[in-house]
Amino acid sequence: MAGIASQAVAQEIVSARYDGPTTRYPHGVLGDEVEYDTLAVRLSDGREMSARWTQDIVFEDLSPRVVDVDGDGAPEVVVIESHERQGARLAVWGLVDGALAAKATTPFIGTRFRWLAPAAVADLDGDGLVELAYVDRPHLAKVLRVWRYEPLGAGQVRLSEVASLDGVTNHRIGWDYIAGGLRDCGQGPEMVLADAGWSTVVAVRFDGDRLTQYELGPYTPDAIERALGC
């Protein structure tokens with residue numbers, strides 16, 4: 001990992017973007033072979049700071065997700081990172097002692113050119129802690145995994161896998177978007193996905209212990225988008 005490109009006194013992150021296009025990880029899962037080596041954020045006082053991977057890892061992603069993961073009122077940044085030999089992982093970046101740094105990561109999938117597609121970053125079960133959900137290898141394994149982000153104090157974090165569900169997906173090779181996402185139709189948050197065969201739109205709920213799903217109707221690109229609006 002390269003040194004932090006810039007530092008600032010503690011501020012809130014208000015936006016984030018990728019920079020430093022690179023072709024050194026030619027997977028092409030998002031429609032081309034261009035990924036990014038730099039994460040840049042803008043702070044609430046207008047300043048920018050960034051961090052760059054100089055080798056092995058790229059941001060194999062569409063755009064960073066700016067969301068409060070630890071519940072302190074200040075946003076973090078959730079990204080997809082891919083390793084040259086170990087494939088993708090989900091990572092949470094934030095401000096640590098005035099610098100932009102990774103605060104927690106899931107394990108790498110373990111094999112080159114294996115990817116994951118985020119489904120939700122939210123308190124899915126209403127316990128006050130945020131869960132990070134993604135489809136592990138949406139073109140192959142098609143497993144929804146849910147991880148709980150738990151701040152422990154003194155800058156320590158526990159990121160634990162708490163549930164998984166086989167047989168769902170949210171991305172096809174070459175798409176420059178991720179299908180479905182998170183909705184709340186008055187009964188709590190639900191993840192909208194497709195079944196593994198792309199025949200049915202499904203909603204998936206997490207009760208703090210297990211994931212359950214129910215069908216919303218036949219899959220079409222329009223149907224899965226309409227489902228997000230209840």
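Along each chain, residues carry numbers from 1 onward, in the same order as the chain's sequence is written. Whole-chain, interface and lining totals are the exception, using all residues; otherwise, since this is a predicted model, local features are given only for residues with pLDDT of at least 70 and side-chain atom pairs are given and counted only at 80 or more. Heavy atoms throughout the structure, all of them, feed into the side-chain values; hydrogens and water do not.

1. Side note on the overall build of the protein chain
Item 1. Helix and strand definitions follow DSSP, with helices as H or I runs of at least four residues and strands as E runs of at least two, each counted in order from the N terminus. The number of helices and strands found in the protein chain is one helix and 17 strands.
Item 2. Throughout, the radius of gyration refers to the C-alpha atoms, and the reference size of a globule is 2.2 Å times the residue count to the power 0.38. Since a compact globule built from 230 residues should have a radius of gyration of about 17 Å, the 17 Å found for the protein chain is in line with a globular shape.
Item 3. Here the term buried applies to any residue with accessible area under 20% of the maximum for its type, exposed to any over 50%, and partly exposed to those in between, with areas from a 1.4 Å probe on protein chains only. Taking all 230 residues of the protein chain together, 47% fall into the buried category.
Item 4. Computed by Shrake-Rupley with a 1.4 Å probe, the accessible areas treat only the displayed protein chains as cover when residues are assessed. On the protein chain, roughly 10200 Å² of surface is accessible, and the fraction owed to carbon and sulfur atoms is 45%.
Item 5. Charge assignment in this entry is limited to Lys and Arg as positive and Asp and Glu as negative, and neither His nor the chain termini are counted. To locate a charge, take atom NZ for lysine, CZ for arginine, CG for aspartate or CD for glutamate. Each charge sign in the protein chain was given a centre, from 21 positive and 35 negative side chains, and these centres are 4 Å apart.

2. A closer look at the state of the cysteines
Item 1. Disulfides are defined as pairs of cysteine sulfur atoms found within 2.5 Å of each other. Evaluated as defined, the whole model comprises one disulfide.
Item 2. Covalently, Cys185 is tied to Cys230 through a disulfide, its sulfur atoms 1.9 Å apart. Taking the sign of the torsion about the S-S bond as the criterion, the disulfide between Cys185 and Cys230, at about -95°, is left-handed. Remark: Cys230 occurs in the segment after helix H1 (221-228) and Cys185 occurs in the loop between strand S14 (181-184) and strand S15 (189-195); sequence separation between them is 45 residues.

3. Here we look at the domain arrangement of the protein chain
Item 1. Where each domain starts and ends comes from a domain assignment, either automatic or drawn from a database. Partitioning the protein chain into structural domains gives domain 1 (11-114) and domain 2 (115-229).
Item 2. For domain 1 and domain 2, the distance between their C-alpha centroids amounts to 20 Å.
Item 3. When checking whether two residues touch, look at their non-hydrogen atoms; a contact exists if any pair is within 4.5 Å. Counting residues at the interface gives 26 residues for domain 1, matched by 24 residues for domain 2.
Item 4. The buried area of a pairing is the accessible area, by a 1.4 Å probe, that goes missing from both parts when the two are put together, added over both. Approximately 2000 Å² of surface area, both sides summed, lies buried where domain 1 meets domain 2, with 79% of it carried by carbon and sulfur atoms.
Item 5. Three residues, Val29, Val69 and Leu90, lead the burial of domain 1 against domain 2; their summed loss comes to 25% of the area buried on that side.
Item 6. When a carboxyl oxygen of Asp or Glu is within 4 Å of a side-chain nitrogen of Lys or Arg, the pair counts as a salt bridge. Across the contact surface, domain 1 and domain 2 share zero salt bridges.
Item 7. Within 3.5 Å is the distance limit for a polar contact, defined as a pair of N or O atoms, with the added protein rule that one can donate a hydrogen and the other accept it, and that residues adjacent in sequence qualify only through two side-chain atoms. Linking domain 1 with domain 2 are two residue pairs in polar contact (both at pLDDT 80 or more).
Item 8. Of all elements in the fold, only strand S5 (65-67), strand S6 (76-83), strand S7 (87-96) and strand S8 (99-105) reach the threshold of two or more residues within the side of domain 1 that touches domain 2.
Item 9. If you tally residues by element for the side of domain 1 that touches domain 2, the top one is S7, at four residues.
Item 10. In this classification, Asp, Glu, Lys and Arg are treated as charged, Ala, Val, Leu, Ile, Met, Phe, Trp, Tyr, Cys and Pro as nonpolar, and every other residue, Gly included, as polar. The residue makeup of the side of domain 1 that touches domain 2, split by class, is 14 nonpolar, five polar and seven charged.

4. Some remarks on the sheet that holds strand S10 (residues 130-136)
Item 1. The four strands are arranged S9-S10-S11-S12 in an open sheet whose pairing can be described as antiparallel. Looking at the sheet topology across the chains shown, the edges are occupied by strand S9 (116-122) and strand S12 (156-166). Taken over all neighbouring pairs, the strand axes of this sheet differ in orientation by 20° on average, direction set aside.
Item 2. Summarising the sheet, S9 and S10 pair through six bridges and their orientation is antiparallel. By the bridge assignment, Ala117 is partnered in S10 with Val135. Strands were regarded as paired on the criterion that DSSP finds at least two bridges between them. In this description, a line fitted to the C-alpha atoms serves as the axis of each element, helices being fitted only across the stretch in contact, and the angle between N-to-C directions of two axes falls anywhere from 0 to 180 degrees.

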